[in-house]
Amino acid sequence: MSTNPMIPMTKLDAVNGMLASIGQAPVNTLAVTGIRDVAIAELALDSVTREVLNRGWSFNTDTDWPLAPDGNGNILIPTTALDVDPVDRLSNYVQRDNGGTMMLYNKNDRTFVFTESVKCNVTWGFEFDTIPQVARTYIGTRAARIFQANVVGSDLLFKFTELHEREARAAMERLEDQSQDTNMLNSPTEANMVIFHRRTNVLR
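Residues numbered from 1 in each chain as written. Predicted model: local features only at pLDDT ≥ 70, side-chain atom pairs only at ≥ 80, totals over all residues. Heavy atoms only, no water.

Before going further, it helps to spend a moment on helix 2 (residues 36–53). For helix 2, spanning 18 residues, the distance from its first C-alpha to its last is 26 Å, which sits close to the expected 26 Å at 1.5 Å a residue. Considered for burial, the residues of helix 2 that qualify are Asp37, Val38, Ala41, Ala44, Leu45, Val48, Thr49, Val52 and Leu53. With its buried residues spanning 150° around the axis, helix 2 presents them on a single face. Counted as exposed and oriented over 90 degrees from the buried face of helix 2: Arg36 and Leu43. (Helix = DSSP H or I, 4+ residues; strand = E, 2+ residues; numbered from the N terminus. Expected span 1.5 Å × (residues − 1). Buried < 20%, exposed > 50% of the residue type's maximum accessible area, 1.4 Å probe, protein only. Arc of directions from axis to C-beta.)

The following block contains the structure:
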């Protein structure tokens, strides 16, 4: 992890935290060769990053994001998008592979060709070093627990990092709640939906 608390955690910091969780010495670069655990840790971190971001948070989602057709009339799915959900539910647009490229497909007209932009709700797969610090902490802690359990399998260590994971997840959810409350104040419709959702949860 970062030695300076004022500097956000980097991917290298997260990997070194994962190595420390199994008693391995830290490395100065992720480009190091010959250390198998470093490569495994980085793969585990990337996997958990995708897993967590795929759930969709305020910081990595956009609503009504317009996707425009290219010169061939195809709407390509952005390579950094984890999920693209067309807003218009009656359109029946889905993601589909077309010759090795993911595009929007019109199931009603059975075509990949579009004449105008389509608004979508997009979940983005940002790089670890570009997401909020609270998200990096949660992802790094979760990745360390999974990595540690797979490599070492110590019950004592697992319980220790599981507690830290729950605390990190709670901090991330608090930030999400704050972001949603801020957005809610700017949108009466969103405010009504959130209030109804919360009241419904209380009654359950």
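Bringing the sheet that holds strand 1 (residues 61–67) into the picture now. Strand pairing in a sheet relies on backbone hydrogen bonds, with the paired strands running either antiparallel or parallel. One open sheet holds the three strands; their spatial order is 1-5-2, and the pairing between them is antiparallel. Each end of this open sheet is capped by a strand with a single partner; those strands are strand 1 and strand 2 (81–86). Strand-to-strand twist across the sheet, computed as the mean angle between neighbouring axes with direction ignored, equals 35°. (Pairing = 2+ DSSP bridges. Axes fitted to C-alpha atoms, helices over the stretch in contact; angles between N-to-C directions.)

For the rest of this paragraph, the subject is unusual backbone geometry. Unlike most non-glycine residues, Asn92 shows phi in positive territory, near 60°. Topologically, Asn92 is positioned in the loop between strand 2 and strand 3 (93–98). A positive phi is found at Arg110, a non-glycine position, where the angle reads about 55°. Along the polypeptide, Arg110 turns up in the loop between strand 4 (101–106) and strand 5 (118–124).

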